[in-house]
Amino acid sequence: MANDSAAKAAPETGSEAPQTPKKTTKGRRAYDPTFAQEVFDNVDSGEEIKLCMQCGVCSGSCPFKMDMKYSPRKLFTMIRSGERDRVLSSPDIMLCTSCYRCKVRCPRGIRVIDVMHGLAHYALEQGFEPRHDSAQFGRKFWDNIFKKGRIDEKDVAMRYTLADGLVPGIKKGLDMQDLGLKQVLHRRLNILPVRSIKGIKGLKKMLEKAAAAKHGRKA
Amino acid sequence: MKKYFLYPGCSLEASASHYLISVKAMAPSLGIEWVEINDWNCCGASVSYVGASELQVAVLNARNLALAEAAGGYDIVAPCSSCYVIENKINRELKADPEFMAQVNEILAEDGLNYHGSLEVRHLLDVLYNDVGLDAVKQAVKRPLTGLQVAGYVGCQTTRPFGEYDSVENPHVMDDLLAALGATVVDFNKKMQCCGSGLFLTEMDRSMPLVREILEDAEAHGANVVSTACPMCQMNLEIYQDKINKALGTHFNRPIVFISQLMAVAFGLDPVQAGALNRNIVPAQGVIMDALKSAAVKAAKPAAEPVVIGKLTPQQKYQAFLDLTMAGDDEQAVYNTMKKYLLDKDQVAQIKKTIKEAALDRLSD
């Protein structure tokens, strides 16, 4: 990352200072293709964006459309116009519930969900945190899979609750304690810790190897 | 007995334990034998993207596929919709792209595993509808759910995105299965609305209105219970009802059950041992049994004796009914009707009595 030759510097810029879009001679914003290229190269399923024709069906289908400043359609066009910071710091890229409504309706068959998840993953990797709570929860969730091979629901919940320190953790915990208690009383929460899968060592090796490789799927 | 690999997933071991119990209990009635995939791992669900790359998620799921393939050649059945979608997605991608398969297999080799792409991943509803079939389900029913009004909540990932066995916009499989159990399926426009999924916990303010709309729609159409086939849906619709009532001023106390729990009841199995209805946080067993009982009481009542009117055709009878209803107390109109249909006074009195009774019945309903 540090050895920045002039040509390769473009994708790395912007993480410090907010990016100001370049202006053309007529005063209009110029398209900056470097960020789009960065997305195509580095974001899982990022190349899908090339197919977008800006019809907006995805945005209209989203259950959380009312809460989004930048709908998927807008995000896609912002990627094309090079607004790196605004895209990668946008809370909207982490508001996907994976309901797949946009995916089944997209006339171009774009895997919108995979793009959103890819963008969120890349943003977190690049040091952005579009949504703090969901990011914390997701991290604890993945930690659990990586360590045990299975999810231990109470463990994830506990770690998530305490992720921001003891005081906010206790507040969050008190808020949720009745739910936990109800689940225990109805035998839907195993008090004993979930045991790791037998092949956890092998799984860890595989996941580490996969982390180092790039996805080989054709777009 | 037809064998399938069961991929229960993490939820069914904990927060959806009642799903696993009922899925296992009702299977023999339908000639299904489950073989659990040995040492399966989590599919990653819908929030793994935070920590994992697409390739890591693919490897995670390919491991399950490889383990199952090595143990036999049955289809993998995932009762959890999220497991179904992700496991299925990876399976389809691997089968469609030999290069990708080779890449994943190279990683699987770290633990001596290999996947050739011989398996299918299917949802529980798919197997119940297409392999078992509605006729076999009907035959297995020993205690029909007559009188129980059910809203069939399908949710997102049960049919989307692949639509392999049902419509992605207007599904019918869940409703057909419920009807085969003898239940009354209510209209339910929100059957495909998202419940908030894995974001419910972290984005509660936004997710609660989604669930409110779903439950309001089910209740508005007279549902006694809501049926689902997804652990996430069941949890989000059920355990947050108190929080929603508090935050949004609603009064929900609606049981949310798994379709397999209803099947266990309909197949004459024990509602607690086989149906695990005691594990529903919003009590479900009483609501279901009350609905069945009151329907049985209604059915036991003798039907009102049919009116016999002369030798009129059904159309004429109908017309005479209508005319007399319209005539009301107008004597001239009643006389005209009598003349037209050649009715005598007794017959008119009988018809009028029936009309009155029908009206009172309507009022008391």
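All of these numbers come straight from a predicted model, not from anything done at the bench. Residues take numbers from 1 onward in each chain, read along the sequence in its written order. Written order determines the labels here, with chains lettered from A and ligands numbered from 1. Residue-level local features of this predicted model are given only where pLDDT is at least 70; pairs of side-chain atoms are given and counted only at 80 or more, and the full residue set underlies all totals for whole chains, interfaces and linings.

**Section: the interface of chain B and chain A**
As a measure of interface size, the accessible area lost when the parts come together is often cited. Of the residues lining the interface, 49 residues belong to chain B; the matching set on chain A comes to 55 residues. Among the elements of the structure, helix H2 (54-71), helix H4 (98-108) and helix H8 (204-220) of chain B are those that each provide at least two residues to the side of chain B that touches chain A. Considering only residue class, the side of chain B that touches chain A consists of 21 nonpolar, 16 polar and 12 charged. Once C-beta atoms have been placed from the backbone, residue pairs whose C-beta atoms lie within 7 Å are recorded as contacts. Only runs of H or I of at least four residues qualify as helices and only runs of E of at least two qualify as strands under DSSP, and these elements are numbered from the N terminus. Lys, Arg, Asp and Glu make up the charged group, whereas Ala, Val, Leu, Ile, Met, Phe, Trp, Tyr, Cys and Pro make up the nonpolar group; the residues left over, Gly among them, are polar.

**Some remarks on the sheet that holds strand E4 (residues 121-123) of chain B**
Residues and elements named next belong to chain B. Spatially, 4 strands are ordered E2-E1-E3-E4 in an open sheet, and the strand pairing comes out parallel. Across the chains shown, the open sheet's two edge strands, defined by having one partner strand only, are strand E2 (32-36) and E4. Here the average twist between neighbouring strands, direction ignored, is 45°. Two strands make a pair as long as DSSP finds a minimum of two bridges between them. Bridge count for strand E1 (residues 2-6) against E2 is 5 bridges, and the pairing is parallel. Paired with Tyr4 across the strands is Trp34, a residue of E2. Between the N-to-C directions of two axes lies an angle of 0 to 180 degrees, each axis being a line fitted to C-alpha atoms and, for a helix, fitted only over the stretch in contact.

**Topic: the domain arrangement of chain B**
The split into domains, and so the bounds of each, comes from an automatic or database assignment of domains. When cut into domains, chain B gives domain 1 (2-124), domain 2 (135-300) and domain 3 (314-364). Computed over C-alpha atoms, the centres of domain 2 of chain B and domain 3 of chain B are 44 Å apart.

**As for the packing of helix H7 (residues 132-148) of chain A against helix H8 (residues 153-161) of chain A**
Residue and element names in this part refer to chain A. Two elements in contact, H7 and H8, have axes separated by 9 Å at closest approach and are oriented at 140°. Classified by the angle their axes make, H7 and H8 are oblique. At the point where H7 passes H8, the crossing takes the right-handed sense. Contacts between H7 and H8 involve Gln136, Phe137, Lys140, Phe141 and Asn144 from the first element and Asp155, Val156, Arg159 and Tyr160 from the second. Tallied by class, the residues present in the contact of H7 with H8 amount to 4 nonpolar, 2 polar and 3 charged. Throughout, the term roughly parallel applies to angles under 35 degrees, roughly antiparallel to angles over 145, roughly perpendicular to angles from 65 to 115, and oblique to all others. For any pair of crossing helices, the crossing counts as left-handed if the nearer helix is rotated counterclockwise from the farther one by less than a right angle, and right-handed if it is rotated clockwise.

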